[in-house]
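# Structural overview
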Amino acid sequence: MHDLVEEAASMIRGAKNLVAFTGAGVSEESGIPTFRDPGGLWDRFDPYEVGGGDVFSSLYRGGAIPASATGFVSEMLTVLEKAHPNPGHTALGELERMGILRSVITQNIDNLHREAGNSLVIEVHGNIYRLACLACGGRVYLSREELFPLGWKLVECLRSGDMQGIISIASRCLCGGICRIDVVAFGEPVQDMPRAVAEAKSADVFLILGTSGAVYPAAYLPEYAKRAGAKLIEINATGCYFPELVDLGIVGKTGEVLPRIVERLRERGS
Ligand code: APR
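A brief report on the enclosed structure follows. Here the structure is a predicted model, which is why all the values come from computation and not from measurement.

## A short note on helix H13 (residues 254–267)
The end-to-end C-alpha distance of H13, which contains 14 residues, comes to 20 Å, matching closely the 20 Å that a straight helix rising 1.5 Å per residue would cover. Three or more residues of H13 are buried, namely Thr254, Gly255, Val257, Leu258, Ile261, Val262, Arg264 and Leu265. The secondary structure elements touched by the buried residues of H13 are helix H1 (2–13), helix H2 (25–28), helix H7 (87–97), strand S7 (205–209), strand S8 (231–236) and strand S9 (248–251). Of the residues trailing H13, glycine 269 is marked for its positive phi of about 65 degrees.

## Things to note about the packing of helix H6 (residues 67–82) against helix H9 (residues 144–160)
Their axes nearest at 10 Å, the elements H6 and H9 cross at an angle of 155 degrees. For the element pair H6 / H9, the angle class is roughly antiparallel. Here H6 runs over H9; the crossing is left-handed. Facing H6, whose interface residues are Thr70, Val73, Ser74, Leu77, Thr78, Leu80 and Glu81, H9 presents Arg144, Phe148, Gly151, Trp152, Val155, Leu158 and Arg159. Looking at the contact of H6 with H9 residue by residue, the class counts come to seven nonpolar, four polar and three charged.

## Some words on the sheet that holds S8
The strands that make up a sheet are held in pairs by hydrogen bonds between backbone atoms, and each pair lies either parallel or antiparallel. Reading across the sheet, the six strands line up as S3-S2-S1-S7-S8-S9 and stay open at both edges, with parallel pairing between neighbours. Only two strands of the sheet have a single partner each, and these edge strands are strand S3 (121–123) and S9. Within this sheet the neighbouring strands show an average axis-to-axis angle of 15 degrees, counted without direction. Across five bridges, strand S1 (residues 18–22) lies against strand S2 (residues 101–106) in parallel orientation. Each residue of the ladder has a partner; that of valine 19, found in S2, is serine 103. Set on the sheet, H13 makes contact with S7, S8 and S9; between it and S8 the angle comes to about 135 degrees.

Parameters at a glance
- Within each chain, residue numbers correspond to sequence positions counted from 1 in written order.
- Totals for whole chains, interfaces and linings use all residues, but because this is a predicted model, local features are given only for residues with pLDDT of at least 70 and pairs of side-chain atoms are given and counted only at 80 or more.
- Side-chain calculation: all heavy atoms of the structure are included, whereas hydrogens and water are not.
- To qualify as a helix, a DSSP run of H or I must reach at least 4 residues; to qualify as a strand, a run of E must reach at least 2; elements of each kind are numbered from the N terminus.
- The span one expects for a helix is its residue count, reduced by one, times 1.5 Å.
- To sort residues, take the accessible area from a 1.4 Å probe on protein chains only and compare it with the maximum for the residue type: under 20% means buried, over 50% means exposed, and anything in between is partly exposed.
- Contact between two residues is taken to exist if any of their heavy atoms lie within 4.5 Å; hydrogens are not considered.
- Only the stretch in contact is used when a helix axis is fitted, and all axes are lines through C-alpha atoms; the angle between N-to-C directions ranges over 0 to 180 degrees.
- Should an angle fall under 35 degrees it is taken as roughly parallel, and over 145 as roughly antiparallel, whereas 65 to 115 is taken as roughly perpendicular and any remaining angle as oblique.
- Helix crossings are classified by the rotation of the near helix relative to the far one: an anticlockwise turn of less than a right angle makes the crossing left-handed, while a clockwise turn makes it right-handed.
- Following the grouping adopted for this structure description, the nonpolar residues are Ala, Val, Leu, Ile, Met, Phe, Trp, Tyr, Cys and Pro, the charged ones are Asp, Glu, Lys and Arg, and the polar ones are all others, Gly among them.
- Should DSSP find at least two bridges between two strands, the strands are regarded as paired.

As structure tokens, this is what we get:
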């Protein structure tokens, strides 16, 4: 591992445009379950039942919500409320502060890259702390202090089938429109993809961190970087998911490997 970390550090040290692409694995050490690891969320919930676009529309039409969706929302609130940036997130924030990392493209909705200090974060699957107005499309960020009481009240209304209560929780936009959580459900279009593709194409070194690459179009991004001539480094706890693309693959936890890379860069005064 020592040599692989050294090799990754030297590739990153020479980068002019380092871009990171992250998945659920980066947040696993913050206590947020991944989706496809054994025992992960999609082992226990049906993604189309709990995370399909019609859950939102049926919610706001006062239709029935599957009980599993209530369980899923409750589990996500429990883990997200306790989740904070882990050493992997902090290392990426550090790489930006060192003037080395240009942007993070993430599939995660947990806001932890922003909390770790990264400023250019492209969230292709949305952000659970952001509301989107169904009328004017305006966006509103919620603080932790605002999001979780709202979320727990929603779970209570879902459990009791109090549809009026649900509509009353839906925050109002300044335009008077009803808002929904700004996350991309299955079957809905992803967000900010043109910007994500442009970032991937601009990279000369592209990090693939903690993703199985199972979901498109996000999983095309490493290919865009490769075609544009970037060197690709993958860090994944269980193996290499982009074997035909990566120049360097490290099997390890991002919360352990990324801080060692940053330490190596500091030692060499990058
Ligand atoms: N460090 C590095 N990698 C890890 C760690 C860790 N600590 N823990 C798990 N992993 C790896 C797993 O080996 C797996 O390859 O992270 C990956 C997580 O894969 P998924 O659970 O499929 O998550 P992700 O790739 O982000 O899924 C993409 O699918 O369901 C949708 O919207 C959802 O954004 C998600 C998308």
